[in-house]
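Spelled out, the chains give:
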Amino acid sequence: MSNQLAIRTHMRDPPESIVCHAQSHIFQYESGGASLHSQAQMIPVRPRDGVNLTRSDIERAFVGDTHGGHKAPTHLISLENTFSGVVMPIEDMQEIAAFARERHVAVHLDGARLWDAAAVSGVEIRRYADCVDSLNLCLSKGMGCPVGALLVGSAEFIQKARHFRKVFGGGWRQAGILAAAGLFAIEHIWPTMEATHRRAVRLADGLVALGFELALPVHTSMVLLRDPPAMRAQQALIDALRPKGVVLGNFYEGSLRIVLHHQISDECVDIVLEEARKVIELLGKEK
Ligand SMILES: *Cc1c(COP(=O)(O)O)cnc(C)c1O
């Protein structure tokens, strides 16, 4: 909702378009909301490096004018950091921000997991925010709150977004108690993220050593395993862990996604690696 409010607040003159990552949350997992709420066309872009958008990716997709009435001009660039746990470098964001300024368009950042990016890169959230006109931060996910997200922008932007929030049906008077959970998470959970990331990297390194392949580099709390050739091993691992009380994530974009959080211990990582070793040994014998 926070992303959708940001888009609605930025968009002002339909028909218009939004350039975004082809696998981004706002394109894939928000029910086509931009077309419904904001009458905007999304232009999904596959990054050339397969992971994060760069200035040249954006330039390629950007629609500068209506082309004689055939096209919806781009009025917003939407970024995502982290993307599936991978940190988007601040330098790439700065270059995109410079391009957006040249073209007089706004930039939104879906920073649902920007807490993770800041924790691992050491780049402060305010520096990422400097690159964009609006920023969404999620308080559930790795921060562990029951619910909640933050939308950040100029005072004028937020005033307008509040108006739309009411229209969207989100005009709560009772949200303060949830804000308290958010403050707790910022003080107490956020500082634990580095340790969670280290555990995720140890898990990934261990799985790779056993012959599993990563779909994406592991920067933060997410380990994405590539499907073939290890599909059988992945399913066997899921089945082996379930009786031990370890529920491995879902298949996501054809990859097995394992996400760690602050309540996952070193012992739990050891259990997963030990079962993975047994699975690989067993499958090796069957061959
Ligand atoms: C989960 C997620 C969202 C939505 O966040 P909520 O606070 O759960 O609504 C948006 N973007 C990304 C990248 C996410 O992972």
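This part covers the site of the ligand. Taken together, Asn3, His25, Glu80, Asp110, Ala112, Arg113, Cys138, Ser140, Lys141, Gly148 and Ala149 make up all the residues around the ligand. Between the ligand and the protein, one listed contact pairs a nitrogen atom with a side-chain N or O atom of Asp110 at 2.6 Å. The side chain of Lys141 places a nitrogen or oxygen atom 2.7 Å from an oxygen atom of the ligand. Alone, the ligand offers 380 Å² of accessible surface; in the complex the protein occludes 76% of this.

Moving on to the nonpolar core. With 38 residues, the main nonpolar core has Ile58, Ile77, Leu79, Met93, Leu109, Leu114 and Tyr128 as its most contacted residues. Considering every element that reaches this core, the biggest residue donor is helix 5 (residues 90–103), with six residues. With residues up to four places along the chain from it excluded, the contact list for Tyr128 reads Asn81, Val87, Met88, Ile90, Met93, Leu109, Leu114, Ala117, Ala118, Ser121 and Val123. Ranked by size, the runner-up nonpolar core spans 24 residues in total, among them Ala204, Val218, Leu225 and Leu248.

A separate point is the environment of Gly50. With respect to the element layout, Gly50 can be found in the loop between strand 2 (40–45) and helix 4 (55–61). By relative accessible area, Gly50 is classed as partly exposed at 48%. In this structure, the C-alpha to C-alpha distance between Gly50 and Val223, residues 173 residues apart in sequence, is 16 Å.

Moving on: helix 5. End to end, helix 5 covers 20 Å across 14 residues, agreeing with the expected 20 Å (1.5 Å per residue, within 8%). Among the residues of helix 5, Ile90, Met93, Ile96, Ala97, Phe99 and Ala100 are the ones counted as buried. Against helix 4, strand 3 (74–80), strand 4 (106–111) and helix 7 (125–130) lie the buried residues of helix 5. In the stretch just after helix 5, His104 is the one whose phi turns positive, near 55 degrees.

On to the layout of surface pockets, then. Estimated volume of the largest pocket: approximately 1,200 Å³. Elements that contribute at least two residues to the lining of the largest pocket include exactly helix 1 (2–10), strand 4, strand 5 (134–138), strand 6 (149–153), helix 8 (155–168) and helix 9 (176–189). Per-element accounting of the lining of the largest pocket gives the leading share, five residues, to helix 9.

Where helix 1 contacts helix 8, the axes come no closer than 9 Å and their chain directions differ by 115 degrees. Along this stretch, helix 1 crosses helix 8, giving a crossing that reads as right-handed. Every residue of helix 8 that contacts helix 1 at Gln4, Leu5, Ala6, Arg8, Thr9 and His10 is listed here: Phe157, Lys160, Ala161, Phe164, Arg165 and Phe168. When grouped by side-chain class, the residues that make up the contact of helix 1 with helix 8 number six nonpolar, three polar and three charged.

The rules behind the values
Residues numbered from 1 in each chain as written. Predicted model: local features only at pLDDT ≥ 70, side-chain atom pairs only at ≥ 80, totals over all residues. Heavy atoms only, no water. Near = heavy atom within 4 Å. Polar contact = N/O pair within 3.5 Å; in protein donor to acceptor, adjacent residues only side chain to side chain. Areas by Shrake-Rupley, 256 points an atom, 1.4 Å probe, with all protein chains shown as cover. Core = buried A, V, L, I, M, F, W, Y, C linked by side-chain atoms within 4.5 Å. Buried < 20%, exposed > 50% of the residue type's maximum accessible area, 1.4 Å probe, protein only. Helix = DSSP H or I, 4+ residues; strand = E, 2+ residues; numbered from the N terminus. Contact = heavy atoms within 4.5 Å. Expected span 1.5 Å × (residues − 1). 1 Å grid on protein atoms, 1.4 Å probe; cavity = no way out; pocket = protein on both sides within 12 Å on 5 of 7 lines; lining within 4 Å. Points joined across faces, edges and corners; volume = space filled by probe spheres on them. Axes fitted to C-alpha atoms, helices over the stretch in contact; angles between N-to-C directions. Left-handed = near helix turned anticlockwise from the far one by under 90°. Nonpolar A, V, L, I, M, F, W, Y, C, P; charged D, E, K, R; others polar.

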